[in-house]
Amino acid sequence: MAAKTQGGIRLSALCPKFLHTNSTSHTWPFSAIAELIDNAYDPDVSAKQIWIDKTVINDNICLTFTDNGNGMNSEKLHKMLSFGFSEKSMMNGRVPVGLYGNGFKSGSMRLGKDAIVFTKNGETMSVGLLSQTFLEVTKAEHVMVPIVTFNNKRQISDPTESKNSLKAILTHSLFSTEEKLLAELDAIIGKKGTRIIIWNLRRDKNEKTEFDFDKDKYDIRIPEDLDETGKRGYKKQERLDQIVPESDYSLRAYCSILYLKPTMQIILRGQKVKTQLVSKSLAFIEHDIYRPKFLNAKTVRITFGFNCRNKDHYGIMMYHKNRLIKAYERVGCQLKANNMGVGVVGIIECNFLKPTHNKQDFDYTNEYRLTIAALGEKLNDYWNEMKTKKNEEYPLALPVEEIQKQPDQTWVQCDACLKWRKLPDGIEHLPEKWYCSLNPDPQFRNCNVPEEPEDDDLIHPTYEKTYKKKDKEKLKKRLEYSHQMNNEMFLKTPASSSKDFKTFSAVSGKEAVPRSLLPETSNASVKRPLLILNRSVSSPHSDSDNSLKRKTPGCVTPVSLKKPRLNDKTFNNHDDDDEDVIILEESSTPKPSADSDVPVVKTECINLDQEEKQKENCDVGEPCSAATSESKSEQLSSATQTELPNLVVKKEEVEDDTDIQVPRAEMETKQHNVKDVSETSVDLGNELKNQLQLLNKEKEMYQNKCEVLTKQVETLEQRILEMNNKYVKKEMCHQSTETISSFAEENVHERSLAEVTILYEQALEEIAKLKEQCSTLQNLKTECSKCADGENKSEVDEIAVQLDDVFRQLDKCSIERDRYKSETELLEVEKNQIACQCEELKAEIAQLKASIPQVVARANDSTTSNVEDSVNFSDGESLKLRSLRVNVGQLLATIMPDLDLQQVNYDIDVVDEILGQVVEQMHEISST
């Protein structure tokens, strides 16, 4: 390869294989087609129409792109076929889409291996070839683009320089003669325009083109189940279920939304694409603003609305300089696996972002990430506001995403000036070609009138976000309520009983020892009193845990060795106020060391007799309530706190446990340590003392009840034992010497005991049965509640489905009604026209009837006149007679449509004879 130099420095070479490499940036074929459409749309070309079609040339399937823009000369065509040349600039307020000078090369080479360009600008006509096949056959080392230029006289402008280029084009293109090239130039409508033909289209493994031209003769579609493009929505079932937008696989649908505000008509395979104003074709339209910090306080408008065609197609439509970059990009709540944000479409023009080379995405920069996050928040605001608003207006209606919607506005594009006009509501059926002269609004009935202006300087959103205010109010109320509850919890002093003093460790269940009651080896005096905390306030556990602790029968009360006795005065040191208590738990308070000089005191107050009585009562079948067990535990605890002679002290050591009797005199010597408590605690202690007395009374009452029940159980047990002994005696003593009367009495007594046992067993069985029935009823209750909830939900779903069907039927009926109404209006117009025609025909018939006698008189005069004395008419008179016969023939043709007068000779009296016959028939008709 000979290296080219410029000023002694080598130039970079471009390998022909780069044409294919460059085209791989387009993973989706429609993005390649969009590049060619953009070239016609840009302001330097400013085409009004572009025709996209499929044709066959020399058995090769070809794609053709023809526009009526400004065209190009040979120099501009050469830059177009080269890389990186982009001289596009804004003209007449239109911003160009092209940025990199690479669109035609990447797009055309993505669609096919070869492309030829025909262009004319009113002065010259040029033809250029960009062909991978040509470069491969000639084994070129650089990318060569043959170009031939013709003048207005259809001759090559420079034959010597264009000789090799013309030969290359005629040899390696589909057009083998110069006349065929000129014929393709003539195919461009008008004096200016461009025509691109691409052949050797890309094919799959089965040698089929990547486009489906047969599914719809007016569309170019991507075949089903084609998974080489990397775009979703190519599976047949997905298309049938309309899960993916039609624009993913239909070029017609994609072209309809390609531009935010279309100013160019796209004719696809002979039929115009119905372009739409995406931002105007939504329902419940609202506008929001985005003020990114990196734009120096500039605002960007965002339009939100609901998709009226299909609620499953939703997301953000992101445009850049009027060109679609990303379609249906889901953000915010739409990314979650629920129905939030369904049907909501957002439109934004992101001119501040930079698109990728294939114009199908944006560069993943910090600005892009901030924009996506902001769009998610704005979409969430719109969704919540619309949902709240619709629920308030129609609380019993379907969800907002399920409601049948119509666009808020109707816009149509003029086929002459390509301006968009707003139509009044109620107009549904429009003609195929619409012009500004058909506009009902007289202000915009002329093509010279500019379009309606839009609110470009939008400062605030067009809707008030009321749901945010409500949420803030709810949050404020919740915070106030929680703050109030916390204050009540910490300031309120509940009336607690002795059970509040059963302080166990939250972790291990062991007793908690107050710091004020622990002895000190260095100083025997108590430095400061520490009180036991009411667990219901500051314990991390729930009240249920506290209740379980209170119901435990084995209660342990902390006792200090320096106290003389545990009487009611001891509790005067304690206070139930939550502000004056501390937590004593093993998890937060360190356990005192197990030293021989510092014993830990435990009181064992388990009454075995009472436990046995409780077990016997449970065996008999008399269930004890939770209150009873709780009161018993309270009584036991109070007994341990008052009955000092039964105290047994244990010294906890690591090696062994020994019981030590605490002398009463030694305890009395330390009583003065307790009298240092404040007067407030004394008052509270008195209250607690009164409560303890009440509880003692309750304890005595329950003890009496327990004694009665235990006595009953003992009597029953004695009877059962006697009955068993008697049964044994009866079996062992067969030879009894008792009398008959005593034996009968014994039998009666035995029968009574047997009956008692039977009744007792029956009572136990009934109790068991009742328990089983209660459990089964409870299970049935839970199942019934679940079934009822399920039935209610199913009924609600059925009602919702039925309402949906009713609404759909109503919509169909309304559509049919409007259609019938329009048809009746058309029929009335036709009826009026036919009536006018009938009136005109009646008037003509009356005139003909009035002219019939005159014609008859003239005919009689002509027949009665002497033929022999005929006058030699001049040429002028014969012409008058001929014209008269012609007029009479026309009148006869109107009266008798079946009469054929094309081959009648008006120079003879044939018309006169026909007229006579018609007159006779008219006389007969008039007489009848």
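Treat the numbers as computed from the prediction; the structure is a model and nothing was measured.

A word on the overall build of the protein
- In terms of regular secondary structure, the protein is built from 20 helices and 19 strands.
- Sequence-distant contacts in the protein: of pairs separated by 6 or more residues, those separated by 24 or more amount to 68%.
- A total of about 56,800 Å² of accessible surface is found on the protein, and carbon and sulfur atoms cover 52% of it.

A word on the pairing of strand 9 (residues 265-268)
- Here strand 9 shows two buried faces, one formed by Gln 265 and Ile 267 and the other by Ile 266 and Leu 268.
- Pairing analysis gives four bridges linking strand 3 (residues 49-57) to strand 9, with the strands arranged parallel. Following the sheet pairing, Ile 52 is matched in strand 9 by Leu 268.
- Hairpin connection from strand 9 to strand 10 (residues 271-272): two residues lie between these consecutive antiparallel strands, with Arg 269 at a positive phi of about 50°.

A look at the confidence of the model for the protein
- This prediction gives the protein a mean pLDDT of 74; 70% of its residues lie at or above 70.
- Here residues 734-746 is modelled with pLDDT under 50, and outside its nearest four sequence neighbours on either side it reaches two contacts, counting other chains as well.

Comments concerning a nonpolar patch on the surface
- Taken together, Ile 799, Leu 803, Val 806, Phe 807 and Leu 810 make up a surface patch of nonpolar side chains, about 420 Å² in accessible area.
- Residue position: Ile 799 is located in helix 18 (residues 740-864).

Some words on the nonpolar core
- If you look at the biggest cluster of nonpolar residues, it comprises 62 residues, and the most contacted ones within it are Ile 37, Phe 65, Phe 104 and Leu 111.
- Considering every element that reaches this core, the biggest residue donor is helix 2 (residues 29-41), with eight residues.
- Once you skip the residues sitting within four places of it in the chain, Phe 65 turns out to touch Ile 33, Leu 36, Trp 51, Ile 52, Leu 111, Thr 194, Arg 195, Ile 196 and Ile 198.
- Counting residues in each nonpolar core, the second largest holds 26 residues, with Ile 302, Val 331, Ala 374 and Val 400 among its members.

Description of the environment of Leu 353
- Note on placement: Leu 353 falls in the loop between strand 15 (344-349) and helix 10 (366-393).
- According to the relative accessible area criterion, Leu 353 is buried, its value standing at 6%.
- Along the sequence, Leu 353 and Asp 363 sit ten residues apart, while their C-alpha atoms lie 7.6 Å from each other.
- Here Leu 353 is in contact with Met 318, His 320, Phe 362, Glu 367, Tyr 368 and Thr 371, once residues within four sequence places are set aside.

Side note on the packing of aromatic side chains
- Overall, the coordinates contain 17 aromatic pairs when judged by the stated rule.
- On the numbers, 4.4 Å between centres and 20° between planes, the contact of Tyr 41 with Tyr 259 is stacked. Separated by 218 residues along the polypeptide, Tyr 41 in helix 2 and Tyr 259 in the loop between helix 9 (251-256) and strand 9 bring together distant segments of the chain.
- For Tyr 259, a relative accessible area of 3% gives the class buried.
- One aromatic cluster in this structure is built from Phe 284, Phe 304, Phe 306, Tyr 382, Trp 383 and Tyr 463.
- Positioned above the aromatic ring of Phe 83 is the side chain of Lys 105, whose terminal nitrogen or guanidinium carbon lies 5.8 Å from the ring centre.
- Sitting over the ring of Tyr 314, Arg 330 keeps its end group 4.0 Å from the ring centre.

A look at the pattern of salt bridges
- Per the counting criterion, the structure on display carries 20 salt bridges.
- A salt bridge links Lys 359 to Glu 35; the shortest N-O distance between them is 3.5 Å. Here Lys 359, found in the loop between strand 15 and helix 10, pairs with Glu 35, found in helix 2; they are 324 residues apart in sequence, far enough to count as distant. You'll find Lys 359 and Glu 35 in the same group, each marked buried.
- The salt bridge partner of Glu 823 is Arg 819, with a shortest N-O separation of 3.5 Å. Separated by four residues within a single helix, Glu 823 and Arg 819 lie in helix 18, roughly one turn from each other.
- Each of Asp 288, Lys 378, Asp 381 and Lys 465 takes part in salt bridges that share partners, so that together they form one network.

Some remarks on the pairing of strand 16 (residues 410-413)
- Alignment of strand 16 against strand 17 (residues 420-423), held across four bridges, turns out to be antiparallel. From the neighbouring strand, Thr 410 faces strand 17, where its bridge partner is Leu 423.
- Connecting strand 16 to the antiparallel partner strand 17 that follows it, the hairpin turn spans six residues, and Leu 418 within it adopts a positive phi of roughly 65°.

Regarding the sheet that holds strand 3
- Within the open sheet, the eight strands sit side by side as 7-6-5-8-4-3-9-10. Their pairing is mixed. Each edge of the open sheet carries a strand with a single partner, namely strand 7 (147-150) and strand 10.
- Sheet contacts for helix 3 (residues 74-81): strand 5 (112-121), strand 6 (125-131), strand 7 and strand 8 (192-201); angle to strand 6, the most-contacted strand, approximately 15°.

As for the side chain of Ser 108
- Secondary-structure assignment places Ser 108 in helix 4 (residues 103-111).
- A polar side-chain atom of Ser 108 sits 2.6 Å from the main-chain carbonyl oxygen of Phe 104.
- Beyond its immediate stretch of four places on either side in the chain, Ser 108 contacts Leu 36, Ala 115, Leu 130 and Ile 198.

A look at helix 2
- The terminal C-alpha atoms of helix 2, which comprises 13 residues, lie 19 Å apart, in line with the 18 Å expected from a rise of 1.5 Å per residue.
- The element helix 2 is extensively covered by neighbouring structure, given that twelve of its 13 residues are classed as buried.
- Those residues of helix 2 that sit buried are Pro 29, Phe 30, Ser 31, Ala 32, Ile 33, Ala 34, Glu 35, Leu 36, Ile 37, Asp 38, Ala 40 and Tyr 41.

Some remarks on the environment of Asn 58
- With respect to the helices and strands, Asn 58 occurs in the loop between strand 3 and strand 4 (60-67).
- Between the C-alpha atoms of Asn 58 and Leu 174, which are 116 residues apart in sequence, the distance is 6.9 Å.
- Of note is the side chain of Asn 58, whose polar atom sits 2.8 Å from the backbone oxygen of Leu 174.

Overview of the sheet that holds strand 14 (residues 323-329)
- Spatial ordering of the open sheet is given by 11-12-15-13-14, a layout of five strands whose pairing is mixed. If you trace the sheet from one side to the other, it starts and ends with strand 11 (283-290) and strand 14, each paired once. Put simply, the sheet's adjacent strands are angled 20° from each other on average, direction ignored.
- By the bridge criterion, six bridges tie strand 11 to strand 12 (residues 300-306) in an arrangement that is antiparallel. Paired with Tyr 290 across the strands is Val 300, a residue of strand 12.

Thoughts on the packing of helix 2 against helix 4
- Where helix 2 contacts helix 4, the two axes come as close as 8 Å, and the packing angle between them is 140°. One element, helix 2, and the other, helix 4, form an angle in the oblique class. Of the two possible hands of crossing, helix 2 and helix 4 adopt the one that is left-handed. Of the residues in helix 4, those touching helix 2 at Pro 29, Ala 32, Ile 33, Glu 35, Leu 36 and Asn 39 are Gly 103, Phe 104, Gly 107, Ser 108, Arg 110 and Leu 111.
- Among the residues forming the contact of helix 2 with helix 4, the class breakdown is six nonpolar, four polar and two charged.

Thoughts on the side chain of Ser 106
- Tracing the sequence through the fold places Ser 106 in helix 4.
- Here Asn 102 takes part through its backbone oxygen, which lies 3.0 Å from a polar atom of the side chain of Ser 106.
- Polar side-chain contacts of Ser 106 include one of 3.3 Å to the backbone oxygen of Gly 103.
- In contact with Ser 106, not counting residues within four places along its chain, are Asn 22, Ser 23, Ser 25 and His 26.

Rules behind the numbers
- Position numbers for residues start from 1 in each chain and track the written sequence from start to end.
- Only residues with pLDDT of at least 70 are given local features in this predicted model, and only at 80 or more are side-chain atom pairs given and counted; all residues enter the totals for whole chains, interfaces and linings.
- Heavy atoms from the whole structure form the basis of all side-chain values; hydrogens and water molecules are not counted.
- Strands here mean DSSP runs of E at least two residues long; helices mean DSSP runs of H or I at least four residues long; both are numbered from the N terminus.
- Two residues qualify as a contact provided that any one of their heavy atoms is within 4.5 Å of a heavy atom in the partner residue.
- Residue-level accessible areas treat just the shown protein chains as cover; the underlying method is Shrake-Rupley with a 1.4 Å probe.
- Type-normalised accessible area, obtained with a 1.4 Å probe on protein chains alone, sets the label of each residue: buried when under 20%, exposed when over 50%, and partly exposed for intermediate values.
- Whether two strands pair depends on DSSP finding at least two bridges between them.
- Values of pLDDT, the confidence the predictor places in each residue, fall between 0 and 100.
- Exposure above 30% relative accessible area and the absence of a salt bridge qualify a residue for a patch, where like charges join within 9 Å and nonpolar side chains (Val, Leu, Ile, Met, Phe, Trp, Tyr) within 5 Å.
- Whenever a carboxyl oxygen of Asp or Glu lies within 4 Å of a side-chain nitrogen of Lys or Arg, that contact is scored as a salt bridge.
- Only buried Ala, Val, Leu, Ile, Met, Phe, Trp, Tyr and Cys residues count toward a nonpolar core, and they belong to the same one when joined by side-chain atoms within 4.5 Å.
- Each Phe, Tyr or Trp ring, with Trp reduced to its six-membered ring, pairs with another whose centre is within 6.5 Å; inter-plane angles below 30 degrees give stacked pairs, above 60 give edge-to-face pairs, and intermediate values give tilted ones.
- Here, a charge over a ring is recorded when the distance from Lys NZ or Arg CZ to the ring centre is within 6 Å and its angle to the ring normal is within 35 degrees.
- To get an axis, a line is fitted to the C-alpha atoms, and for a helix only the part in contact is used. The angle between two axes follows their N-to-C directions and goes from 0 to 180 degrees.
- In protein, a polar contact means a hydrogen-donor-capable atom and an acceptor-capable atom, both N or O and within 3.5 Å, with residues adjacent in sequence counting only if both atoms are side-chain atoms; elsewhere, any N or O pair within 3.5 Å suffices.
- By definition here, a helix of n residues has an expected span of 1.5 Å times n minus one.
- Each angle receives one of four descriptions, namely roughly parallel if under 35 degrees, roughly antiparallel if over 145, roughly perpendicular if within 65 to 115, and oblique otherwise.
- Each crossing is labelled by how the near helix is turned from the far one, with a counterclockwise turn of less than a right angle marking it left-handed and a clockwise turn marking it right-handed.
- Throughout this entry, Asp, Glu, Lys and Arg are counted as charged residues, while Ala, Val, Leu, Ile, Met, Phe, Trp, Tyr, Cys and Pro are counted as nonpolar. The remaining residues, Gly among them, count as polar.

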